[in-house]
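Okay, here's what each chain looks like letter by letter:
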Amino acid sequence: MLLDRRTFTAASAALLAGCTTVGTGRRYAGCTPLPPVKVDQSRVIRTVAGLRPYRRSGFVVRREQLGEKALVHNYGHGGGGITLSWGSSKLAAELGLSGHSGPVAVIGAGVMGLSTARLVQEAGFPVTIYTAALPPDTTSNIAGGQFHPAYVFSDDAVTPELMAQFTRALDYSWRRFQIMVGDDYGVRWLPTYVETDSPEEKAIETFPPINRMLTAAEHPFPWKSTLRYDTMYVETGRYLRQMERDVRLAGGRIEVRRFATPADIASLPEGLVFNCTGLGSRELFGDSDLVPVRGQLAILEPQPEVRYAALGDFGYMFPRADGILLGGTFERGEWDPTPQPADIARIVASQKRFFDAFRCTA
Ligand SMILES: Cc1cc2nc3c(=O)[nH]c(=O)nc-3n(C[C@H](O)[C@H](O)[C@H](O)COP(=O)(O)OP(=O)(O)OC[C@H]3O[C@@H](n4cnc5c(N)ncnc54)[C@H](O)[C@@H]3O)c2cc1C
């Protein structure tokens with residue numbers, strides 16, 4: 001199932017083992033050409049790594065009492081936190097705001113904290129964000145920004161209740177991001193090509209709604225079966241900067257502060273607190289189900305003519321105005337948030353083999 005991005009887990013392992021294959025595509029003039037990415041170590045402008053806040057049983061949206069306060073959790077979105085941000089925050093806001101009056105606190109200024117704060121403001125409540133770090137120093141800033149709920153939970157660990165929560169969150173996010181398309185927020189639609197050997201991947205017929213299998217003559221990729229879907233891509237740096245501005249413009253306050261224990265939170269003046277601390281919830285609230293899944297990216301000089309994304313055993317490529325993102329790894333339990341030069345070299349080599357093997361001649 002694409003939601004778990006199983007192919008990517010395999011790709012990640014293969015990349016780290018240095019044994020990715022890209023097929024044997026013969027070059028010919030019949031198929032639709034796409035401009036290949038110019039992959040070369042000399043074109044790498046930066047490298048990044050980040051820790052996805054992953055829970056096998058899925059993300060937490062839950063209300064509890066913390067002394068006199070209501071505390072609403074909104075964390076643990078794995079590799080799909082940008083995608084789910086508006087929807088998950090909408091569910092959290094509904095849980096918290098119903099029957100509430102007075103100012104509201106949000107802890108965390110990643111994508112989840114900022115979207116929660118905006119929804120609280122839209123509902124007419126004053127908000128203060130308390131956070132250890134602001135953009136650009138959050139995991140959310142590292143994200144590739146594809147609108148796709150990848151690596152959010154493990155199929156064998158989710159309950160029907162989680163699936164219902166997931167479906168509602170995805171639906172609201174899908175509609176909310178559509179009205180943010182454009183340069184202000186750095187959100188745009190792109191065709192996306194996915195390597196697949198398995199027709200079962202067609203099972204995502206309802207999401208994204210625009211998807212179909214391509215014939216070999218319709219694509220230049222050096223693999224047999226290609227699924228094409230259209231989805232949105234978020235330039236996360238620009239998006240989060242704009243979201244932070246939106247919070248401030250609407251009168252929101254932001255205070256840099258790290259909380260060590262729930263008792264620290266209990267001392268806040270606000271009667272309602274949203275916990276949007278991502279991976280920080282493991283230590284702050286003792287959630288040992290929450291684990292890091294490290295992702296590493298090599299970013300190449302921008303290539304504006306590349307207006308499609310591609311994913312397969314070779315890794316993934318998302319083109320953005322701030323660079324061409326080459327991923328990626330899915331390294332569960334790895335806590336070091338720094339790029340590893342040997343892994344980055346393997347990502348670049350794998351992507352180079354892939355783009356050099358494009359079959360179409362222009
Ligand atoms: C390489 C990579 C690629 C990705 N690609 C995609 C993608 O294409 N699409 C997608 O949808 N998702 C993607 N993701 C996943 C996405 O980045 C995360 O799911 C999302 O950023 C989680 O957001 P968050 O706001 O919960 O956490 P964060 O961004 O980590 O924000 C947490 C906030 O809480 C604060 N905080 C933490 N602990 C404390 C504390 N004790 N006290 C006070 N403040 C605290 C932090 O300072 C920070 O401000 C990717 C992730 C990685 C690493």
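See the structure above.
Calculation rules
- Residues numbered from 1 in each chain as written.
- Predicted model: local features only at pLDDT ≥ 70, side-chain atom pairs only at ≥ 80, totals over all residues.
- Heavy atoms only, no water.
- Helix = DSSP H or I, 4+ residues; strand = E, 2+ residues; numbered from the N terminus.
- Buried < 20%, exposed > 50% of the residue type's maximum accessible area, 1.4 Å probe, protein only.
- Contact = heavy atoms within 4.5 Å.
- Areas by Shrake-Rupley, 256 points an atom, 1.4 Å probe, with all protein chains shown as cover.
- 1 Å grid on protein atoms, 1.4 Å probe; cavity = no way out; pocket = protein on both sides within 12 Å on 5 of 7 lines; lining within 4 Å.
- Points joined across faces, edges and corners; volume = space filled by probe spheres on them.
- Nonpolar A, V, L, I, M, F, W, Y, C, P; charged D, E, K, R; others polar.
- Patch = residues over 30% accessible without salt bridge, like charges linked within 9 Å, V, L, I, M, F, W, Y side chains within 5 Å.
- Salt bridge = Lys/Arg side-chain N within 4 Å of Asp/Glu carboxyl O.
- Pairing = 2+ DSSP bridges.
- Axes fitted to C-alpha atoms, helices over the stretch in contact; angles between N-to-C directions.
- Near = heavy atom within 4 Å.
- Phe/Tyr/Trp six-rings, centres within 6.5 Å; stacked < 30°, edge-to-face > 60°.
- Lys NZ or Arg CZ within 6 Å of the ring centre and 35° of its normal.
- Parallel < 35°, antiparallel > 145°, perpendicular 65-115°, else oblique.
- Left-handed = near helix turned anticlockwise from the far one by under 90°.

**Student:** Is there a simple way to explain the overall build of the protein in this structure?
**Tutor:** Counting its secondary structure elements, the protein contains 9 helices and 15 strands. Across the 362 residues in the protein, those meeting the buried criterion constitute 56%. Expressed as a percentage of contacts within the protein between residues at least 6 apart in sequence, the contacts between residues at least 24 apart total 79%. Total accessible area computed for the protein in this model is approximately 14,800 Å², and 53% of it derives from carbon and sulfur atoms.

**Student:** What am I meant to see in the layout of surface pockets here?
**Tutor:** To locate leftover empty space, one rolls a probe as large as a water molecule over the atoms. The volume enclosed by the second largest pocket comes to roughly 240 Å³. If you go around the second largest pocket, you meet 17 residues; those closest to its centre are Arg 188, Glu 235, Arg 238, Arg 320 and Ala 321. Among the secondary structure elements, those contributing two or more residues to the lining of the second largest pocket are β6 (187–195), β8 (226–234) and β13 (315–320). By residue class, the composition of the lining of the second largest pocket is 9 nonpolar, 3 polar and 5 charged.

**Student:** What's the story with a nonpolar patch on the surface in this structure? I'm lost.
**Tutor:** A contiguous nonpolar surface patch, about 250 Å² in accessible area, is contributed by Val 181, Trp 189 and Ile 210. For Val 181, the location among the structural elements is in the loop between α5 (160–178) and β6. Its relative accessible area of 38% is what places Val 181 among the partly exposed residues.

**Student:** Is there a simple way to think about the sheet that holds strand β2 (residues 60–66) in this case?
**Tutor:** Strands belonging to one sheet form pairs held by backbone hydrogen bonds; the direction of such a pair is parallel or antiparallel. Spatially, β2-β3-β10-β4-β5-β9 is the arrangement adopted by the 6 strands of the open sheet, whose pairing is mixed. On the outer flanks of this sheet lie β2 and β9 (253–256), each paired with one strand and no other. On average, each strand axis in the sheet is inclined to that of its neighbour by 20°, with strand direction left out of account. Here 4 bridges tie strand β4 (residues 104–107) to strand β5 (residues 127–131), and the two strands are oriented parallel to one another. Looking at the pairing, Val 106 lines up with Ile 129 of β5.

**Student:** I tried to follow the site of the ligand on my own but got confused; where do I start?
**Tutor:** By nearness alone, 37 residues border the ligand, and Gly 78, Thr 83, Ala 133, Ser 140 and Gln 146 come closest of all. For the ligand, the protein covers 95% of the area, taking 1,000 Å² as the surface of the free molecule. Looking at side-chain class alone, the shell around the ligand contains 15 nonpolar, 19 polar and 3 charged residues.

**Student:** Even after reading the chapter, I still don't get the packing of aromatic side chains, so can you show me in this structure?
**Tutor:** Scanning the entire structure with this criterion turns up 24 aromatic pairs. The interplanar angle of 80° and the centroid separation of 5.5 Å between the aromatic rings of Trp 174 and Trp 189 together place this pair among those described as edge-to-face. Remark: Trp 189 occurs in strand β6 and Trp 174 occurs in helix α5; sequence separation between them is 15 residues. For Trp 174, a relative accessible area of 10% gives the class buried. Members of the aromatic cluster, connected to one another through ring pairs, are Tyr 193, Phe 221, Trp 223, Tyr 308, Phe 314, Phe 354, Phe 355 and Phe 358. The cationic tip of Arg 52 hangs over the ring face of Phe 330; the distance from NZ or CZ to the ring centre is 4.0 Å. Over the ring of Trp 86 we find Arg 176, and its NZ or CZ is 3.9 Å from the ring centre.

**Student:** Teacher, can you tell me more about the pairing of strand β11 (residues 290–300) here?
**Tutor:** A regular strand places its side chains so that they alternate between the two faces of the sheet. With 10 of 11 residues buried, β11 lies mostly within the body of the structure. Summarising the sheet, strand β1 (residues 44–55) and β11 pair through 11 bridges and their orientation is antiparallel. Residue pairing for β11: Val 48 is matched across the bridge by Leu 297. Bridging between β11 and strand β15 (residues 331–332) involves 2 bridges; their strand directions are antiparallel. Residue pairing for β15: Arg 294 is matched across the bridge by Glu 331. In this structure, β11 lies alongside strand β14 (residues 323–327), joined through 3 bridges in antiparallel fashion.

**Student:** Can you walk me through the packing of helix α2 (residues 81–97) against α5 in this structure?
**Tutor:** Helix-helix packing is characterised by the crossing angle of the two axes and by the distance between the axes. Interaxial distance between α2 and α5 falls to 7 Å at its minimum, and their mutual angle equals 115°. Considered as vectors, α2 and α5 are oriented roughly perpendicular to each other. The two elements α2 and α5 cross, and the hand of that crossing is right-handed. On α5, the residues that touch Ile 82, Thr 83, Leu 84, Ser 85, Trp 86, Gly 87, Ser 88, Lys 90, Leu 91 and Glu 94 of α2 are Gln 165, Phe 166, Arg 168, Ala 169, Leu 170, Tyr 172, Ser 173, Arg 176 and Phe 177. Partitioned by chemical class, the residues of the contact of α2 with α5 number 9 nonpolar, 6 polar and 4 charged.

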